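Given next are the chains, with one letter for each unit.
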Amino acid sequence: PRHLMSMSTSSSDYPCTPLSSIGPLISSVSRYYDTGSTRSLEWRLSHLRILSKLASENSKDICEALWKDLKKPFVEASLYEVECVINECSKMISELPSLLNGPPVATPLSLLPAHSYIKYDPYGVVLLVVPFNSPFQLLFNVGSPIGGSGNCVVIKTSEWTPHCAHLSRALM
């Protein structure tokens, strides 16, 4: 998805993102956020569905990358990295419409007959630093609420999980 941009940091097989490209990357993501595209419910839901689909359709590759980097067994990787992501996205998809409409609050007498409510707005661009121990679960389970709330995400993967970093970059 366009709102997820990845900075690769890993071994010599998977070169690091040059420091000089980080500023332009963040500027590009900020410009995309500034278009207002990420604010609509439809955009947010579609990107949560895309993340869920990415996890589901690439579960074998995810499990393989986790084995190569962390020697994480297939069953553990499938249950705790892939299924958790799919469940989190499903939960966000079902709850997001109600979360967008904040609760009503009391209107001060001086503002009557207006109605008052809390409106939740996205912050903008968020840096997500993904730790090495559960790279996909923490990337998607933390990234899905960030993206689902209308923010854009710049991802910094761990240099300790080069195969996971490479796959994350390829999926984005």
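Here, the structure is the one placed above.
Note that this is a predicted model, so its numbers are computed, not measured. (Residues numbered from 1 in each chain as written. Predicted model: local features only at pLDDT ≥ 70, side-chain atom pairs only at ≥ 80, totals over all residues. Heavy atoms only, no water.)

A short note on unusual backbone geometry
Here the bond from leucine 112 into proline 113 is cis, since omega is 15 degrees, no more than 30 degrees from zero. Secondary-structure assignment places proline 113 in the loop between β2 (101–105) and β3 (116–119). The phi torsion at lysine 71 lies on the positive side, around 55 degrees, for a residue other than glycine. According to the relative accessible area criterion, lysine 71 is exposed, its value standing at 51%. (Helix = DSSP H or I, 4+ residues; strand = E, 2+ residues; numbered from the N terminus. Buried < 20%, exposed > 50% of the residue type's maximum accessible area, 1.4 Å probe, protein only.)

Comments concerning the layout of surface pockets
Counted as a void, the largest pocket has a volume near 160 Å³. Lining the largest pocket are Arg44, Met92, Leu96, Leu99, Leu100, Tyr120, Asp121, Pro122, Pro145, Gly148 and Ser149. Of all elements in the fold, only α4 (74–100) and α5 (135–148) reach the threshold of two or more residues within the lining of the largest pocket. Ranked by the residues each element gives to the lining of the largest pocket, the list is headed by α4, at four residues. For the lining of the largest pocket, the residue count by class is seven nonpolar, two polar and two charged. (1 Å grid on protein atoms, 1.4 Å probe; cavity = no way out; pocket = protein on both sides within 12 Å on 5 of 7 lines; lining within 4 Å. Points joined across faces, edges and corners; volume = space filled by probe spheres on them. Nonpolar A, V, L, I, M, F, W, Y, C, P; charged D, E, K, R; others polar.)

Regarding empty space enclosed by the protein
Empty space among the atoms becomes apparent when a probe as large as a water molecule is rolled across them. With the rule as written, the count across this model stands at two cavities of 30 Å³ or more. For the second largest cavity, the calculated volume is near 30 Å³. As for the second largest cavity, its lining consists of Val130, Pro135, Leu139, Thr157, Ser158, Thr161, Cys164, Ala165 and Ser168. Broken down by secondary-structure element, the contributors of at least two residues to the lining of the second largest cavity are α5 and α6 (162–171). Of all the elements, α6 adds the most residues to the lining of the second largest cavity, at three residues. In terms of residue class, the lining of the second largest cavity is made up of five nonpolar, four polar and no charged.

A few points about the packing of α5 against α6
At a minimum axis distance of 10 Å, the contact between α5 and α6 shows a crossing angle of 35 degrees. In this structure, α5 uses Pro135, Phe136 and Leu139 to contact α6, whose residues at the interface are Cys164, Leu167 and Ser168. (Axes fitted to C-alpha atoms, helices over the stretch in contact; angles between N-to-C directions. Contact = heavy atoms within 4.5 Å.)

Section: the pattern of salt bridges
One pass over the structure, following the stated rule, counts six salt bridges. The partner of glutamate 81 in a salt bridge is lysine 72, and the shortest N-O contact between them spans 2.8 Å. Note on glutamate 81: relative accessible area 1%, which makes it buried. If you follow the salt bridges from partner to partner, you end up with Arg39, Lys119 and Asp121 in one network. (Salt bridge = Lys/Arg side-chain N within 4 Å of Asp/Glu carboxyl O.)

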